[in-house]
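# Commentary on secondary and tertiary structure
Spelled out from the first residue to the last, the chains are:
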Amino acid sequence: MRLFLFTAKCLSFGVNHSLIFKISAGSPALTSRQFKEADFERVIDLLDEAVKIAAEVKQKTEKLKDFKEFLEKDGETIGKLKGLRAKVEEFASGFPMPGFEDH
């Protein structure tokens with residue numbers, strides 16, 4: 001199984017000059033932390049949840065500035081993000097971090 005995810009911010013020179021984000025993480029980085037196939041699927045589920053939250057916010061805002069402000073002020077969205085963060089932290093805490101003995 002190959003999974004390649006990375007993060008990069010790109011500027012699209014289309015009609016609306018929108019920002020495009022790509023997500024990437026190399027499978028070697030994850031397998032070195034003892035990820036198995038089911039763990040890769042869990043990562044995808046968490047990323048999917050994050051994208052869905054962002055898509056909901058995007059539908060309610062027009063500009064990037066509005067998007068950022070909405071993330072900081074909307075109670076429902078803040079709750080979803082806190083819940084997602086807790087899931088990510090719980091999941092990630094079960095894996096070692098190379099170079100750190102206490103992780």
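Here's a quick rundown of the structure. Not measured: the values here are computed from a predicted model.

Looking at the secondary structure, you find T61 in the loop between α2 (37–60) and α3 (64–73). A distance of 3.1 Å separates the side chain of T61 from the backbone oxygen of V57, its partner in a polar contact.

Here we come to the packing of α3 against helix α4 (residues 75–92). For the pair α3 and α4, the least separation of the axes is 6 Å and the interaxial angle reads 75°. Relative to α4, the element α3 lies roughly perpendicular. Residues F70, L71, E72 and K73 of α3 lie in contact with α4, whose contacting residues are G75, T77, I78 and L81.

The next point concerns empty space enclosed by the protein. Tallied over the full model, the rule gives one cavity of 30 Å³ or more. Within this model, the largest cavity holds a volume of roughly 30 Å³. Where the lining of the largest cavity is concerned, the elements lending two or more residues are α2 and α4. With four residues, α2 is the largest single contributor of residues to the lining of the largest cavity. Class assignment of the residues belonging to the lining of the largest cavity gives a composition of two nonpolar, one polar and five charged.

Let's shift gears to the nonpolar core. Ranked by size, the top nonpolar core spans nine residues in total: L30, F35, F40, V43, L46, I53, L84, F91 and F95. Considering every element that reaches this core, the biggest residue donor is α2, with four residues.

The subject of this paragraph is α4. Taking 1.5 Å as the rise per residue, α4 with 18 residues should run 26 Å; its terminal C-alpha atoms sit 25 Å apart, in good agreement. Listing the buried residues of α4 in full gives T77, L84 and F91. Taken down its axis, α4 places every buried residue within 55° of arc, on the same side. Of the exposed residues in α4, the ones pointing more than 90 degrees away from its buried face are G75, K82, R85 and E90. In the core, the buried residues of α4 are packed alongside α2 and α3.

What counts as what
Residues numbered from 1 in each chain as written. Predicted model: local features only at pLDDT ≥ 70, side-chain atom pairs only at ≥ 80, totals over all residues. Heavy atoms only, no water. Helix = DSSP H or I, 4+ residues; strand = E, 2+ residues; numbered from the N terminus. Polar contact = N/O pair within 3.5 Å; in protein donor to acceptor, adjacent residues only side chain to side chain. Axes fitted to C-alpha atoms, helices over the stretch in contact; angles between N-to-C directions. Parallel < 35°, antiparallel > 145°, perpendicular 65-115°, else oblique. Contact = heavy atoms within 4.5 Å. 1 Å grid on protein atoms, 1.4 Å probe; cavity = no way out; pocket = protein on both sides within 12 Å on 5 of 7 lines; lining within 4 Å. Points joined across faces, edges and corners; volume = space filled by probe spheres on them. Nonpolar A, V, L, I, M, F, W, Y, C, P; charged D, E, K, R; others polar. Core = buried A, V, L, I, M, F, W, Y, C linked by side-chain atoms within 4.5 Å. Buried < 20%, exposed > 50% of the residue type's maximum accessible area, 1.4 Å probe, protein only. Expected span 1.5 Å × (residues − 1). Arc of directions from axis to C-beta.

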